[in-house]
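The lines below spell out each chain.
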Amino acid sequence: MDTNAVSDVAAQLLQAYETGKPIPPIIDSHPGATVGDAYRIQQEQVRTWLAGGEMIKGHKVGLSSAAMQEQMGVDQPDYGHLLSGMFHLEQQPIRTANFLQPRIEPEIAFVLGKPLSGPGATVADAARAVEFVLPALEIVDSRIQDWKISIVDTIADNASSGGVVLGSKPTPLSAVDLRLVGCTLHQRGELVATGAGGAVLGSPLNSLVWLANTLGPHGVTLEAGHVVLPGSMTRAFPVSAGDTVVANMAGLGSVTAVFDTPE
């Protein structure tokens, strides 16, 4: 894709946020678009958000579990940016109208105490960089009609990012085996899914390493204080106004997302 095409698609996605109306799949109008093109579209939007006063507060890895890859019809992870306006307080009503097609998924969030960069980052490097982990719920959303996304569509759309709710119990890595952390997900009081940390690339730490080594060649370092979401332990579930979603994670505590009641 040339520069004009990249800018045009980025503008369409930005407009979808404003109008609340999703756009047709990008891959339909640009069948030759590559993963590299998609990240250029993503970066164009990030530059616009930063110019508007947002701050980068971390990154997310998407499509890092077999369940999510199967659900979305893709075969590789991707990454997106977490901006300051995406973070919501636990137990505080989240305005559902701010999203187009929201879904929710449970994750183990890393909070970095030291910078981490690749290429060449190892699991040992990643473990040293993590200050603590938190239970988290990620709200994924799509500016693409009916979630009909290819890997190009989701990457261009900031990895289908929407929002983040962090739990309030920090846990050091030394206190837990992330691979064995079990999770239950309740929506409106009903158990809808179970999962485990090992579903995320074998261990959420592997996802953090993948992110550092993928960003490193582009000159991007994962900064101290930033949040990294490594990927979902279950498939994603649609949410709507009035929903309460609770993720309980063994050894890590729980996190609750409350969506505003219908007006």
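Residues numbered from 1 in each chain as written. Predicted model: local features only at pLDDT ≥ 70, side-chain atom pairs only at ≥ 80, totals over all residues. Heavy atoms only, no water.

The chain appears in an unreviewed UniProt entry as 2-keto-4-pentenoate hydratase from Prauserella endophytica.

(A) Focus on the overall build of the chain. The secondary structure content of the chain amounts to 7 helices and 13 strands. For the chain, the C-alpha radius of gyration of 17 Å lies close to 18 Å, the compact-globule estimate for 263 residues. Projected onto the principal axes, the alpha-carbon positions of the chain cover approximately 50 × 50 × 35 Å. Taking the contacts inside the chain whose residues are at least 6 apart along the sequence as the reference set, 76% of them involve residues at least 24 apart. Counting every atom, the chain has about 10,900 Å² of accessible surface; 53% of that belongs to carbon and sulfur. (Helix = DSSP H or I, 4+ residues; strand = E, 2+ residues; numbered from the N terminus. Rg over C-alpha atoms; globule rule 2.2 N^0.38 Å. Contact = heavy atoms within 4.5 Å. Areas by Shrake-Rupley, 256 points an atom, 1.4 Å probe, with all protein chains shown as cover.)

(B) Quick peek at the nonpolar core. Among the nonpolar cores identified, the biggest contains 66 residues, and Phe 110, Leu 137, Leu 208 and Leu 222 are the most heavily contacted of them. At 6 residues, helix α7 (residues 204–215) tops the list of elements feeding residues into this core. Leu 14, Ala 109, Val 111 and Leu 229 belong to the second largest nonpolar core, which has 13 residues in total. (Core = buried A, V, L, I, M, F, W, Y, C linked by side-chain atoms within 4.5 Å. Buried < 20%, exposed > 50% of the residue type's maximum accessible area, 1.4 Å probe, protein only.)

(C) Seen up close, the sheet that holds strand β8 (residues 182–187). Strand order in this open sheet of 5 strands is β4-β13-β12-β8-β9, and the pairing throughout is mixed. Each edge of the open sheet is held by one strand with a lone partner, namely β4 (93–94) and β9 (190–196). Where β8 lies against β9, 6 bridges are found, and the strand directions are antiparallel. The residue bridging Leu 185 from the neighbouring strand is Ala 193, located in β9. (Pairing = 2+ DSSP bridges.)

(D) Molecular detail of the UniProt feature "domain: Fumarylacetoacetase-like C-terminal" (unreviewed entry) in the chain. Residues annotated by UniProt as "domain: Fumarylacetoacetase-like C-terminal" (unreviewed entry) correspond here to residues 91–257. The distance from the first to the last C-alpha atom of residues 91–257 is 6 Å, and the span holds 15% helix and 35% strand. (UniProt positions renumbered as here; feature names shortened; annotations may be inferred.)

(E) Spatial organisation of unusual backbone geometry. Geometrically, the link from Gly 118 to Pro 119 is a cis peptide bond, its omega value of 0° lying close to zero. Checked against the element boundaries, Pro 119 lands in the loop between β5 (103–112) and α5 (123–129). One non-glycine residue with positive phi stands out, namely Gln 91, at about 70°. As for its position among the elements, Gln 91 is in the loop between β3 (87–88) and β4. Despite not being glycine, Asn 158 has its phi angle at roughly 50°, a positive value. You can see Asn 158 is positioned in the loop between α6 (151–156) and β7 (161–166).

(F) Structural detail: the pattern of salt bridges. Considering all chains together, one arrives at 8 salt bridges under this definition. The salt bridge partner of Lys 60 is Glu 138, with a shortest N-O separation of 2.9 Å. You can see Lys 60 sitting in strand β1 (residues 56–62) and its partner Glu 138 sitting in strand β6 (residues 130–140), a full 78 residues away along the chain. Where Arg 179 meets Asp 177, a salt bridge forms, and the shortest distance between an N and an O atom there is 2.7 Å. (Salt bridge = Lys/Arg side-chain N within 4 Å of Asp/Glu carboxyl O.)

(G) Expanded view of helix α3 (residues 35–51). Counted at 1.5 Å a residue, the expected span for α3 with its 17 residues is 24 Å, and the 25 Å between its end C-alpha atoms agrees. Looking at the packing, one finds that the buried side of α3 touches α1 (3–19), β1, β2 (78–83) and α6. Immediately downstream of α3, the backbone of Gly 53 shows phi near 110°, a positive value. (Expected span 1.5 Å × (residues − 1).)

(H) The pairing of β2, seen in detail. For β2, the tally of buried residues reaches 6 of 6 residues, placing the bulk of the element in the interior. As paired strands, β1 and β2 are joined by 6 bridges and run antiparallel to one another. Each residue of the ladder has a partner; that of Lys 60, found in β2, is Gly 80.

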